[in-house]
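# Reading the structure
These are the residues of each chain, in order.
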Amino acid sequence: MSQPGYVATPPYSQSQPGMGGFSTGLGPPTSSPHYGHYGGPNSLYSAPQSGMLKSTVPFGSSAPVGSPPPGIHLYNQTNLQNGPGTPGHQQHRFQGPSPGSSVPPSYPPYSHQSQPPYANTASPSSTAQLANQLGTMQINSYGPGASPSSRMPSGPPASFQGPPLPPTQPQMAIPPGAQIPPTPANNLNGICTPPSLPPLAMQDGIPGSGPPNANLQQLPGQPPGPGYHPQHVNYGPQMAGSQLSYPGAFPGGPGQLAGPQQKKLDPDSIPSPIQVIENDKASRGGQTYATNIRGQVPPLVTTDCVVQDQGLGSYYCQSLSKKTSTFRAETFVTSKENPSCTDEFTQGNASPRYIRCTTYCFPASSDMAKQARIPLAAIVTPFAIVPPNETPLYVVNHGETGPIRCNRCKAYMCPFMQFIEGGRKYQCGFCSCVNDVPPFFFQHLDHVGRRVDHYERPELSLGSYEFVATLDYCRNNKPPNPPAYIFMIDVSYSNIKSGLVKLICDELKTLLDKLPREEQEEASPIRVGFVTYNKVLHFFNVKSNLAQPQMMVVSDVGEVFVPLLDGFLVNFQESRSVISNLLDQIPEMFADTNESETVFAPVILAGMEALKAAECAGKLFIFHSSLPTAEAPGKLKNRDDKKLVNTDKEKTLFQPQVNFYETLARDCVANGCCVNLFLFPNQYVDIASMGLVTMYTGGTLYKYNNFQVHSDSPQFLSDLRKDIEKRTGFDAIMRVRTSTGFRATDFFGGIYMNNTTDVEMAAIDCNKAVTVEFKHDDKLNEDTGALIQCAVLYTTISGQRRLRIHNIGLNCSSQLADVYKSCETDALINFFAKSAFKAILTQPLKTVREILMNQTAHMLACYRKNCASPSAVSQLILPDAMKVLPVYMNCLLKSCVLVGRPEIPTDERAYHRQLIMSMDVANTQLFFYPQLLPIHNMDVKSDAFPTSVRCSEERLSEGGVFFLANGLNMFLWLGVSAPPEVIQGIFNVPSFAHISTEATQLPELDNPYSKKLRSIMKYSQSQKPYSMKLIIVKQREQPEMLFRQFLVEDKSIYGGASYVDFLCCVHREICQLLN
Ligand SMILES: [Zn+2]
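Residues numbered from 1 in each chain as written. Predicted model: local features only at pLDDT ≥ 70, side-chain atom pairs only at ≥ 80, totals over all residues. Heavy atoms only, no water.

A few words on unusual backbone geometry. In this structure, S432 takes a positive phi of about 70° despite not being glycine. Within the fold, S432 resides in the loop between β10 (425–427) and β11 (434–436). (Helix = DSSP H or I, 4+ residues; strand = E, 2+ residues; numbered from the N terminus.)

Quick look at the coordination of the zinc ion now. Binding of the zinc ion to the protein goes through C406 (SG), C409 (SG), C428 (SG) and C431 (SG), at separations of 2.3 Å. Taken together, the four donor atoms coordinating the zinc ion and their angles of 100 to 116° define a geometry best described as tetrahedral. Sequence positions of the donors to the zinc ion reduce to the motif C-x2-C-x18-C-x2-C. On the basis of relative accessible area, C431 is assigned to the buried category, the value being 5%. (Donors = N, O, S within 2.8 Å, 3.2 Å for Na, K, Ca; no water. Tetrahedral: all angles 85-135°; square planar, octahedral: opposite > 155°, others 65-115°. Buried < 20%, exposed > 50% of the residue type's maximum accessible area, 1.4 Å probe, protein only.)

Before going further, it helps to examine the pattern of salt bridges. Taken as a whole and judged by the stated rule, the model has 45 salt bridges. Here D723 makes a salt bridge to K619, at a shortest N to O gap of 3.4 Å. Of the two residues, D723 sits in helix α17 (residues 709–725) while K619 sits in strand β18 (residues 618–624), which places them 104 residues apart along the sequence. The buried category is assigned to D723, whose relative accessible area is 0%. Judged by relative accessible area, K619 falls into the buried class, the value being 1%. (Salt bridge = Lys/Arg side-chain N within 4 Å of Asp/Glu carboxyl O.)

Let us now look at the side chain of K1012. Its location among the elements puts K1012 in helix α25 (residues 1008–1021). If near-sequence neighbours (up to four positions away) are discounted, K1012 is found in contact with M938, D939, V940, S942, D943, A944 and P946. (Contact = heavy atoms within 4.5 Å.)

Quick look at the sheet that holds strand β22 (residues 742–748) now. The strand order across the open sheet formed by four strands is β5-β7-β24-β22, and the pairing between neighbours is antiparallel. Whereas interior strands pair on both sides, the edge strands pair on one side only; in this sheet they are β5 (355–357) and β22. The mean inter-strand angle of the sheet, taken between neighbouring strand axes irrespective of direction, is 25°. In this structure, β22 lies alongside strand β24 (residues 770–776), joined through six bridges in antiparallel fashion. Its bridge partner being in β24, R743 is matched across the sheet by K775. (Pairing = 2+ DSSP bridges. Axes fitted to C-alpha atoms, helices over the stretch in contact; angles between N-to-C directions.)

Read from one edge of the open sheet, four strands run β28-β29-β30-β31, paired in mixed fashion. Of all strands in the sheet, those with a lone pairing partner are β28 (931–934) and β31 (1029–1034), marking the two edges. In this sheet, neighbouring strand axes are inclined to one another by 20° on average, regardless of whether the strands run parallel or antiparallel. Here four bridges tie β28 to strand β29 (residues 961–965), and the two strands are oriented antiparallel to one another. Each bridged residue has a counterpart across the sheet, and for L932 the counterpart in β29 is L964. Strand contacts of helix α24 (residues 980–987): β29, β30 (969–974) and β31, with the helix running at about 140° to β30, the strand carrying the most contacts.

With that out of the way, let us pick up the nonpolar core. Counting 189 residues, the largest nonpolar core has F487, V528, F530, I622, F623 and F716 as its most contacted members. Sequence-distant contacts of F487, that is, excluding residues within four places in its chain, are made with L508, L512, V528, G529, F530, V531, F621, F623 and I724. Grouped together as the second largest cluster of nonpolar side chains are 36 residues, I764, V770, A786 and L810 included. (Core = buried A, V, L, I, M, F, W, Y, C linked by side-chain atoms within 4.5 Å.)

A few words now on the side chain of T906. Relative to the elements of secondary structure, T906 occurs in helix α22 (residues 906–917). By relative accessible area, which is 4% here, T906 ends up buried. Among the polar contacts listed, one links the side chain of T906 to the side chain of D640, at a separation of 2.5 Å. Those residues in contact with T906 that lie beyond four places of it in its chain are D640, K642, L653 and Y684. (Polar contact = N/O pair within 3.5 Å; in protein donor to acceptor, adjacent residues only side chain to side chain.)

Moving on, we come to the environment of H776. When you line up the elements, H776 lands in strand β24. Along the primary structure H776 and T740 are separated by 36 residues, whereas in three dimensions their C-alpha atoms are 9.1 Å apart. Here P363 takes part through its backbone oxygen, which lies 2.7 Å from a polar atom of the side chain of H776.

Within the protein, residue pLDDT values average 78, and 72% of them lie at 70 or more. Low pLDDT (under 50) marks residues 1–170, which in the prediction has 397 contacts with non-local residues, meaning those over four places away or in another chain. (pLDDT = per-residue confidence, 0-100.)

Where helix α20 (residues 845–866) contacts helix α27 (residues 1059–1074), the two axes come as close as 9 Å, and the packing angle between them is 60°. Judged by the angle between their axes, α20 and α27 are oblique. Here the hand of the crossing between α20 and α27 comes out right-handed. The residues of α27 that touch α20, namely those facing M853, A857, H858, L860, A861, R864 and K865, are F1062, C1065, V1066, E1069, I1070, L1073 and L1074. (Parallel < 35°, antiparallel > 145°, perpendicular 65-115°, else oblique. Left-handed = near helix turned anticlockwise from the far one by under 90°.)

It is worth spelling out the packing of aromatic side chains at this point. Taken as a whole and assessed by the stated rule, the structure comprises 38 aromatic pairs. When the ring of F945 is compared with that of Y1019, the centres are 5.3 Å apart and the planes differ by 85°; the resulting orientation is edge-to-face. On the criterion of sequence distance, the pair formed by F945 in the loop between β28 and β29 and Y1019 in helix α25 is long-range, its members being 74 residues apart. The exposure class of F945 is partly exposed, given its relative accessible area of 33%. Here Y1019 falls in the partly exposed class, since its relative accessible area comes to 45%. In textbook terms, an aromatic cluster arises when at least three aromatic residues are bridged by ring pairs, as seen for F623, F678, F680, Y702, Y704, F707, F716 and Y1026. Positioned above the aromatic ring of F419 is the side chain of R451, whose terminal nitrogen or guanidinium carbon lies 4.7 Å from the ring centre. (Phe/Tyr/Trp six-rings, centres within 6.5 Å; stacked < 30°, edge-to-face > 60°. Lys NZ or Arg CZ within 6 Å of the ring centre and 35° of its normal.)

For strand β25 (residues 786–795), the tally of buried residues reaches ten of ten residues, placing the bulk of the element in the interior. Here β25 shows a buried face lined by A786, I788, C790, V792 and Y794 and a second buried face lined by L787, Q789, A791, L793 and T795. Note: strand β21 (residues 728–738) against β25, seven bridges, orientation antiparallel. What sits directly across from I733, in β25, is L793. Strand direction decides the pairing type here: β25 and strand β26 (residues 801–813), joined by ten bridges, are antiparallel. Bridge pairing links V792 to R804 in β26. As consecutive antiparallel partners, β25 and β26 are separated by five residues, and within that stretch G799 has a phi angle of approximately 90°, a positive value.

What follows concerns a nonpolar patch on the surface. Residues M551, V553 and M589 make up a contiguous nonpolar surface patch of about 240 Å² in total accessible area. Its location among the elements puts M589 in helix α12 (residues 576–589). (Patch = residues over 30% accessible without salt bridge, like charges linked within 9 Å, V, L, I, M, F, W, Y side chains within 5 Å. Areas by Shrake-Rupley, 256 points an atom, 1.4 Å probe, with all protein chains shown as cover.)

So, on to the packing of helix α11 (residues 500–511) against α17. With their axes 11 Å apart at the nearest point, α11 and α17 run at an angle of 40° to one another. In terms of orientation, α11 lies oblique with respect to α17. At the point where α11 passes α17, the crossing takes the right-handed sense. Counted together, L500, L503, I504, E507, L508 and L511 of α11 and V709, S713, F716, L717, L720, R721 and I724 of α17 form the full contact between these two elements. Split by residue class, the contact of α11 with α17 holds ten nonpolar, one polar and two charged. (Nonpolar A, V, L, I, M, F, W, Y, C, P; charged D, E, K, R; others polar.)

What follows is the structure in structure tokens.
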């Protein structure tokens, strides 16, 4: 759609001529700034018009809502702006790199199309080049102390065999080749090539034995999908064999795999994700994490802590008691360390709940970045939920003046602006432009050059806050109406027959009382409307003064229109009785239907037109079951073709079948229409096509295969309730600004992009994240760091236009060790997953997998070469912050999206792909590495949860009971010898044999086992975007196969490598690069 080009650019690969442009000296921005007026605000800042509000739920009085005049204007790009560039000067609004943007116009705009095909990076020549580049790198030995971990003790060195590590060495090291010989590569997700050189060369680590790039050069010649032959070997840890030498060559047949196996590698001696998670919990859990230090690495997503966004840092604010009392005093809790009050300690940064980065220290130059190949990215969750014990965002209202912005780059006032000349001017931290301080905003500076009102204004001291936007930020300069929700129910035969329609209607009667509302309001301002459909559409008039609802049928689905304006979108409270009446009637009205064909795209179109006619943004809730085969725009046919799997055409399975949906998605975004889709398929429904509009409009896709009312209702209803109650920003547009030297080049998520800079979202809710990739333009300044400002313009549920600002400052360094030390593996995996899942639209999956593997090896080889202390080449050394990168990367490579296997339904792959594209870091972490908890031995007297164990069959036991959850699926696994008292406690049955695996919920029993297990399940369900249906699995019974797919450290039934094997493969690649 807007980004037809490939996506998963291996950052800084050699083969990107597009990067060349980056190195041309940028110098000071060359644009001649066009200064916008700010409406000539001469009035002094005065409390009544510009006080700060707290933005929990009470957003103050809603904006005036007049009845919209007739005549609907179709919004175009120039109306959709992230704030007024210059009122009256449309050309300054966000239109790519314009004079009003942060990108100087002399610079060629970033374009996906300008880049070479993705496949090039895996071509023999470029791969060899990369290897050569690494090979010629200067070994910059920092010695053991050069990359100290500031975060946690090193891994489990005690369990290592071989030469002990130097005590201060923070890296993870695996001893020489005897323990990790090269693995026969063709069983590893198809990403490693069959070794053709004598493996012994690897084992003693002698450089130069054999052509160093022989393997890599073979890549293109491989038959497609060699990695997915049936595996005849056991799961990883059980692999036997103590042979240290390999036969001279690996013919590559599956039968060979079991043969030359290495000496068993103790799984406890390789980096454990659980260990890393637990170490972080132990060192940082339960503490307060203050965001006031630039470039500090936050606690892991799996660690609970209290985040404090504070610009104050370390000393008491002297002017706390002045004017603005709404700025709550609790935020001024001080920390005792750091008595310094330099700027470094006075800047707030956005909470890691809002922004997480792949590294908190950017390489100072693009050469360094190319060398390390660590993706530079931020994962932004602008509407993330903050727990009640953290301060909600403050709202700043400058009245008619609107937010203060840099004249040149349009960045919003923030802690990165430096006040000079006695406070009369400020220098922008992003573009260095010196701006006048508007008179109403003037304030004197104190003895250290800080404004005396520094701590009274969120926009001067905090990482995150909101501005009330002025009319300039609204479509057509008119305040928006509150949004509307339209419920659109497929009433074709199967849905009526299954009882689904009745279930939905019954639920809506009570659910609509829970529509989101502002905290101090009694009722929700959100209006609701109802449509049913099969081959035709039925609109309902539910105006409050009607005795009975009225139905209007639109049978011309080729040119769908909205047959009524008045009475379609209504206030639920006012029309309660008519709506209730309607919801009672719908199941009866269609009870005798024989219609099994449906339309789909016209339904979305009708919903969008209705919102457009009502001049409001909103959400559609569509409940649909089948492939839309009825004659209409967007009609689909079953085009699922397993023969395409593992071919170059596999990508077409992830692309929409017809272009209509892309156009529809664009129109929906342009009109603020977000599409939530609840699918109940019994067979292939072409999710790649049907889910497209949902994905691009920031909506959520829910899927319930073979839906049964009796067993699947709880999951569906829970999803529906959560979605309706969700905090959402509507009609949103996001803009990411950066300080000079780097910029945002790519975006991933449930977003739409008409140009290269504006991230448009019909809506964005608390669970949706946008991943932003950055690249260098120039050298970065180590003193000032790398600054990022993410601004989201949106409409609140009451129809107020707001700007939500998140700022974060990162460090910059010319030392690679600093960069590696500041990495966050969970964020890296989020980036890699999204970039790979975007890339598969245009690239063969095999290529995408190869690039992921290649980049993993490069990142680790570069560390090894430049940061690690000297050691035998055959020793695997991992940076502390990336200890678990290989295991997580392997999980990504084995995910059903990237594994090409005909057994995996195409819809399932397309579904997972879509979900992950908008996931935040916490959810991708859990998705790729599920949580596995032992239940049988938990301490039922304590509130503490059991400690997770690694996702491997080895960790299970016949006498055990284990709970596994990954955010989408939830299992209770029961060993054949599970203790009877535990079984009795959980199921109220006497023995293993009596347990029914039919149940999807546990009985509510009044005993400690039942209570504790249910509280664990409830907790793991809380704050998750999707409800998980419980599957009970008995050891050695058929459903266990499904469960085993989630034991991600083991070799998968679909041919994915075990963790041990993958680590060996990575090691081998690294050795190749180092040689
Ligand atoms: Zn600026």
